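Descriptive analysis of the structure
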Amino acid sequence: PEPRPVIAANITPSFLIAPDFLPAVEEAIGQHGIAPDRLCIEVTERVMLDQPLEAEAAARQLRALGLTLALDDFGAGH
């Protein structure tokens, strides 16, 4: 079978760890009928370096919803 297309959303590191981010993602998925396994959140590695505990918690919550998280521009400048 042919792979399903993925929707990639590039966000800022501060947005990833904002308290209202996960509820906004859940709402968008529901409103637009997006299958969570087709959504990939891209964020620069900076958040992983600056706020690793918060970033890990957000990543785990996104995975629990069925989304993937990708590091954008990995290694650029670090």
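1. Some details on the nonpolar core
- Counting residues in each nonpolar core, the largest one holds 13 residues, and the members touching the most others are Leu-16, Phe-21, Ile-41, Leu-62 and Leu-67.
- Mapped onto this core, the elements with two or more residues apiece are helix H2 (21-32), strand S2 (39-44) and helix H4 (52-65).
- Top element by residues in this core is H2. It accounts for four residues.
- Not counting residues up to four positions away in its chain, the partners in contact with Ile-41 are Ala-9, Ile-11, Phe-21, Leu-62, Leu-67, Thr-68, Leu-69 and Ala-70.

2. Quick word on the environment of Arg-60
- As for its placement among the helices and strands, Arg-60 is situated in helix H4.
- A distance of 2.7 Å separates a polar atom in the side chain of Arg-60 from a polar atom in the side chain of Glu-56.

3. Here's the deal with the sheet that holds strand S1 (residues 7-10)
- Taken in spatial order, the three strands make up an open sheet running S1-S2-S3, and their pairing is parallel. Looking along the sheet, the strands with just one partner apiece sit at the ends: S1 and strand S3 (68-72). Neighbour to neighbour, the strand axes of the sheet diverge by 30° on average, direction disregarded.

4. A word on the packing of aromatic side chains
- Following the criterion strictly, the structure yields one aromatic pair and no others.
- Their ring planes at 70° and their centres at 5.2 Å tell us that Phe-15 and Phe-21 sit as a pair that is edge-to-face.
- Look at Phe-15 and you get partly exposed, because its relative accessible area is 42%.
- Residue Phe-21 is classed as buried on the basis of its relative accessible area, which comes to 4%.

5. Section: the pattern of salt bridges
- Taken as a whole and assessed by the stated rule, the structure comprises one salt bridge.
- Between Arg-60 and Glu-56 there is a salt bridge; the shortest N-O distance is 2.7 Å. With Arg-60 and Glu-56 both in helix H4, this residue pair falls four residues apart, about one helical turn.

6. Section: the packing of H2 against H4
- It is at 11 Å that the axes of H2 and H4 come closest, and there the two elements cross at 20°. Put simply, H2 runs roughly parallel to H4. At the point where H2 passes H4, the crossing takes the right-handed sense. Side by side, H2 and H4 meet where Phe-21, Leu-22 and Glu-26 of the first sit next to Gln-61, Leu-62 and Leu-65 of the second.

The rules behind the values
- Residues numbered from 1 in each chain as written.
- Predicted model: local features only at pLDDT ≥ 70, side-chain atom pairs only at ≥ 80, totals over all residues.
- Heavy atoms only, no water.
- Core = buried A, V, L, I, M, F, W, Y, C linked by side-chain atoms within 4.5 Å.
- Buried < 20%, exposed > 50% of the residue type's maximum accessible area, 1.4 Å probe, protein only.
- Helix = DSSP H or I, 4+ residues; strand = E, 2+ residues; numbered from the N terminus.
- Contact = heavy atoms within 4.5 Å.
- Polar contact = N/O pair within 3.5 Å; in protein donor to acceptor, adjacent residues only side chain to side chain.
- Pairing = 2+ DSSP bridges.
- Axes fitted to C-alpha atoms, helices over the stretch in contact; angles between N-to-C directions.
- Phe/Tyr/Trp six-rings, centres within 6.5 Å; stacked < 30°, edge-to-face > 60°.
- Salt bridge = Lys/Arg side-chain N within 4 Å of Asp/Glu carboxyl O.
- Parallel < 35°, antiparallel > 145°, perpendicular 65-115°, else oblique.
- Left-handed = near helix turned anticlockwise from the far one by under 90°.

The values are spatial; any link to function lies outside them.
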